[in-house]
Amino acid sequence: MADKQISLPAKLINGGIAGLIGVTCVFPIDLAKTRLQNQQNGQRMYSSLSDCLIKTIRSEGYFGMYRGAAVNLTLVTPEKAIKLAANDFFRHHLSKDGKKLTLLKEMLAGCGAGTCQVIVTTPMEMLKIQLQDAGRIAAQKKLMAQQAQISSSPAAAAAEPAMERHPTATQITRELLRSKGIAGLYKGLGATLLRDVPFSIVYFPLFANLNKLGQKDPNVKAPFYVSFLSGCVAGSTAAVAVNPLIKTRLQSLQRGVNEDTYSGILDCTKKIWQREGPTAFFKGAYCRALVIAPLFGIAQVVYFVGIAEFLLDMLPKHRA
């Protein structure tokens, strides 16, 4: 991020606009990523990103691709605001006399930003994953029921199984709070920290240095397309680097038929390695890169172009 400090209201507006636009654009790919990561050997519903999206539209309709989006859209504003503001805060306090930050200090600032962000990210991701994966679980149960009907009575197989109602974010939240308290919303906190902190350590320094390459003058902002491309490259690189799907598996409360359950990070890692092989850790990696690249590209354009600052500067003029 740029070292220039902007006001808190501007950060909130920038983060909100960037998050809302970015999430809306890339959410179907994020849903496919979650479903691809959660399916295990022997219980595969989808063979690829396109196969997952096509089957989702056929079984759940177009808006099925946005299952769980409301949670993201609600919480993405504080999540982005915290991440951007925290990185700026740490960069400002780690710099001395306006001198250029060293790579180590840029990484420390990213580490601090990622740690602060997890406060909002973990509950959001927890709820989003349940809602996104509900369609896969329902489709698997429907398929198993049809296969059972065919084997027992071919005539009964023609009957359409009753549609299973998907849980809402409110229902999931109430059940978690009732059964496990506030800690229930932070299931997978350790895995989230292991993903988001390294992501920020890689992303923020990489973006800052790529963006500087497009600045003809250190005192002038880089063109918006440079910030967009820098955000895309840095985001996709960091996303693939920290992709291993342990967090998604740990945060899934419902399992398909014959799918493994996990007691923690080490147990999850061991079972995936033994039963699915090392390549399983990178399921959905290209989907995650496709999600993160435009999301952070948009975020950086909004942040660096300064839409919020422009709007806030215009308000007094209109009032006058």
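All figures in this text were calculated on a predicted structure; none of them were measured in a lab.

1. Points about the nonpolar core
- The biggest cluster of nonpolar side chains holds 18 residues, and the ones touching the most others in it are Phe199, Tyr203, Ile292, Leu295 and Phe296.
- Of all the elements in the fold, those that place two or more residues in this core are helix H1 (8–38), helix H3 (69–94), helix H6 (189–213), helix H7 (224–241) and helix H10 (285–305).
- By size, the runner-up hydrophobic cluster in this structure holds nine residues, among which are Met45, Tyr46, Leu53 and Cys287.

2. Overview of the packing of aromatic side chains
- With the rule as written, the count across this model stands at nine aromatic pairs.
- Measuring from centroid to centroid gives 5.5 Å for Tyr62 and Phe63, while their planes differ by 80 degrees, and the two rings are edge-to-face.
- Look at Phe199 and Phe296: their rings are 5.3 Å apart centre to centre, the planes differ by 50 degrees, and that puts the pair in the tilted class. Placement of the pair is Phe199 in helix H6 and Phe296 in helix H10, with a sequence separation of 97 residues.
- For Phe296, a relative accessible area of 6% puts it in the buried group.
- Among the aromatic residues, ring-to-ring pairing joins Phe199, Tyr203, Phe204, Phe207 and Phe296 into one connected group.

3. Some remarks on a nonpolar patch on the surface
- Residues Phe224, Tyr225, Phe228 and Leu229 make up a contiguous nonpolar surface patch of about 430 Å² in total accessible area.
- Relative to the helices and strands, Tyr225 resides in helix H7.
- Its relative accessible area of 48% is what places Tyr225 among the partly exposed residues.

4. A closer look at the UniProt feature "transmembrane region" (unreviewed entry) in the protein
- UniProt's entry tags residues 12–32, 184–204, 224–246 and 289–312 with the feature "transmembrane region" (unreviewed entry), counted in the numbering of this structure.
- Along residues 184–204 one finds 76% helix and 0% strand; the C-alpha atoms at either end are 30 Å apart.

5. What to know about the environment of Leu103
- Considering the arrangement of structural elements, one finds Leu103 in helix H4 (residues 103–152).
- Given the relative accessible area of 53%, Leu103 is considered exposed.
- Put simply, Leu103 and Leu206 are 103 residues apart on the chain and 9.4 Å apart in space, counted from C-alpha to C-alpha.

6. Some thoughts on the pattern of salt bridges
- Tallied over the entire structure, the rule returns six salt bridges.
- The shortest N-O distance in the salt bridge between Glu106 and Arg91 comes to 3.6 Å. With Glu106 in helix H4 and Arg91 in helix H3, this residue pair connects regions lying 15 residues apart in the sequence.
- The closest approach of N and O atoms between Glu175 and Arg178, which form a salt bridge, is 2.6 Å. Of this pair, Glu175 and Arg178 both sit in helix H5 (residues 169–180), three residues apart, which is roughly one turn of that helix.
- Glu175 gets classed as partly exposed once you look at its relative accessible area, which sits at 39%.
- Using a relative accessible area of 62% as the deciding quantity, one classes Arg178 as exposed.

Cut-off values and rules
- Residues numbered from 1 in each chain as written.
- Predicted model: local features only at pLDDT ≥ 70, side-chain atom pairs only at ≥ 80, totals over all residues.
- Heavy atoms only, no water.
- Core = buried A, V, L, I, M, F, W, Y, C linked by side-chain atoms within 4.5 Å.
- Buried < 20%, exposed > 50% of the residue type's maximum accessible area, 1.4 Å probe, protein only.
- Helix = DSSP H or I, 4+ residues; strand = E, 2+ residues; numbered from the N terminus.
- Phe/Tyr/Trp six-rings, centres within 6.5 Å; stacked < 30°, edge-to-face > 60°.
- Patch = residues over 30% accessible without salt bridge, like charges linked within 9 Å, V, L, I, M, F, W, Y side chains within 5 Å.
- Areas by Shrake-Rupley, 256 points an atom, 1.4 Å probe, with all protein chains shown as cover.
- Salt bridge = Lys/Arg side-chain N within 4 Å of Asp/Glu carboxyl O.
- UniProt positions renumbered as here; feature names shortened; annotations may be inferred.

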